[in-house]
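Geometric and topological summary
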Amino acid sequence: AGGPGVIERGCVTSTLGPRGKARSAGKMRANMGSAAAALLAFALPLMASSVPPATVTVPGHYANFKEAIEKGESGIVVVEPGEHRWENFLEIGQRVDVHASGGTILPGSLWLKKGSGGEFRGVEMVKESGSCMIFEGGQWNIDSCRLCCSRWAVLWCRCESEVSVKNCFLGGMEEGPGYCVNCQDHTRVTVDSSHLERSGGEYSAAIAVFHNVRVRVQSCIVIDNQFALRAVTAKDATLELLANNMQGDLWYDATRPGNLVQQGNRHNGLVIPDTGVMPSPEAGIPLA
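Residues numbered from 1 in each chain as written. Predicted model: local features only at pLDDT ≥ 70, side-chain atom pairs only at ≥ 80, totals over all residues. Heavy atoms only, no water.

Let's talk about the pairing of strand S4 (residues 75–79)
Taken across its five residues, S4 has four buried, putting it largely inside the fold. Two elements, strand S3 (residues 55–58) and S4, share four bridges in a ladder whose sense is parallel. Its bridge partner lying in S4, valine 58 is registered against valine 79. With respect to chirality, the unit in which S3 leads through helix H2 (residues 65–71) into the neighbouring parallel S4 is right-handed. Bridging between S4 and strand S7 (residues 95–100) involves five bridges; their strand directions are parallel. Bridging across to S7, valine 78 finds its partner in histidine 99. (Buried < 20%, exposed > 50% of the residue type's maximum accessible area, 1.4 Å probe, protein only. Helix = DSSP H or I, 4+ residues; strand = E, 2+ residues; numbered from the N terminus. Pairing = 2+ DSSP bridges. Right-handed = clockwise from strand over helix to strand, strands pointing away.)

Structure follows, in structure tokens:
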């Protein structure tokens, strides 16, 4: 159909030479070269991902924790025992895992920016005026940490951040924070097997949910707070309370989340009636 001397094979057209041989060897070699380059481009990221992340120690590779975050790249930061202080907010924009052992104290505020991610494990943070951690994005795991502050919220989760808290102590100092965990602006949060206490102040509660958030609190002890729970403009918020032991005043006021699930909870030693329906696994509230 393409005329004499032309062979059509799908998307490839070859022109025959005097002896009927297709003059496509050069093109075939070029195509093979392109294929090899494409394969290499595909393989390199896989090879890079198989290389374990760099591990640095503080002090050691860096003089202090602030320098390790500001000058270091993605990887693991092992913080040795001692107090590692910095002024104002310390911003984290990369993926980093911060590991610590007993006696490691970070007395400051961390601002976890969009595009960041990682975990904090075994860290103690003490902030006398302000939040311990403010999440503006990224996926974060907070495990086996002790976090205390005296103003705002111990953890302020917002801006589509995804935060998983497990086996932690969250609470106030002499003057309690407004909230142990404050959730707003499309965030997704799971608080599991943790201890929340000593939130205080005029508008305070251990857990606060604002509009358009999805929060699960499970197997937690919520004690010695002015209120355990607060909902603000929360008609489009989801709050799941599962197998928690809560003491003191329960709700800040009559406002409730639009989707409230309560199963297996106790309040001041008494069983709270179960309400709501658990979502399907595809809903994806539980974070890894």
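Looking at the pairing of strand S18 (residues 179–183)
Counting buried positions along S18 gives five out of five residues, so the element sits mostly inside the fold. Where strand S15 (residues 153–157) meets S18, four bridges bridge the pair, whose relative direction is parallel. If you follow cysteine 157 over to S18, its bridge partner there is cysteine 183. Examined bridge by bridge, S18 and strand S21 (residues 205–209) share four bridges and lie parallel to one another. Each bridged residue has a counterpart across the sheet, and for asparagine 182 the counterpart in S21 is alanine 208.

Looking at the side chain of serine 194
By the element assignment, serine 194 lies in the loop between strand S19 (188–192) and strand S20 (195–197). Polar contacts involving the side chain of serine 194 include one to the main-chain amide nitrogen of asparagine 167, which spans 3.4 Å. Excluding anything up to four places from it in sequence, serine 194 contacts Val165, Lys166, Asn167, Cys168, Ser219, Cys220 and Ile221. (Polar contact = N/O pair within 3.5 Å; in protein donor to acceptor, adjacent residues only side chain to side chain. Contact = heavy atoms within 4.5 Å.)

A short note on the state of the cysteines
Counted under the stated rule, the structure contains zero disulfides. Free cysteine: cysteine 157, not disulfide-bonded; nearest cysteine sulfur from cysteine 183 at 5.0 Å. When its relative accessible area of 0% is taken as the criterion, cysteine 157 is described as buried. (Disulfide = S-S within 2.5 Å.)

Re the confidence of the model for the protein chain
Summary statistics for the protein chain give a mean pLDDT of 83 and a share of 77% for residues scoring 70 or more. The low-confidence segment residues 1–25 (pLDDT under 50) makes 21 contacts with residues lying over four places distant or belonging to another chain. (pLDDT = per-residue confidence, 0-100.)

Re the sheet that holds strand S16 (residues 162–166)
Strands sit in the order S3-S4-S7-S10-S13-S16-S19-S22-S25-S27 across an open sheet of ten strands; the sheet is parallel. Of all the strands in the sheet, just S3 and strand S27 (259–263) have a single pairing partner and so form its edges. Across this sheet, the average inter-strand angle for adjacent strands is 10°, counted without regard to direction. Note: S19 against strand S22 (residues 214–218), five bridges, orientation parallel. (Axes fitted to C-alpha atoms, helices over the stretch in contact; angles between N-to-C directions.)

A word on the sheet that holds strand S11 (residues 124–127)
Taken together, the ten strands give an open sheet; going across it, the order is S5-S8-S11-S14-S17-S20-S23-S26-S28-S29, and neighbouring strands pair in mixed fashion. In the strand order of this sheet, the two ends are held by strand S5 (82–83) and strand S29 (270–271), each with one partner. Bridge analysis of strand S14 (residues 146–149) against strand S17 (residues 169–172) gives four bridges, and the strand direction is parallel. Bridge assignment links arginine 146 to a residue of S17, and that residue is phenylalanine 169.

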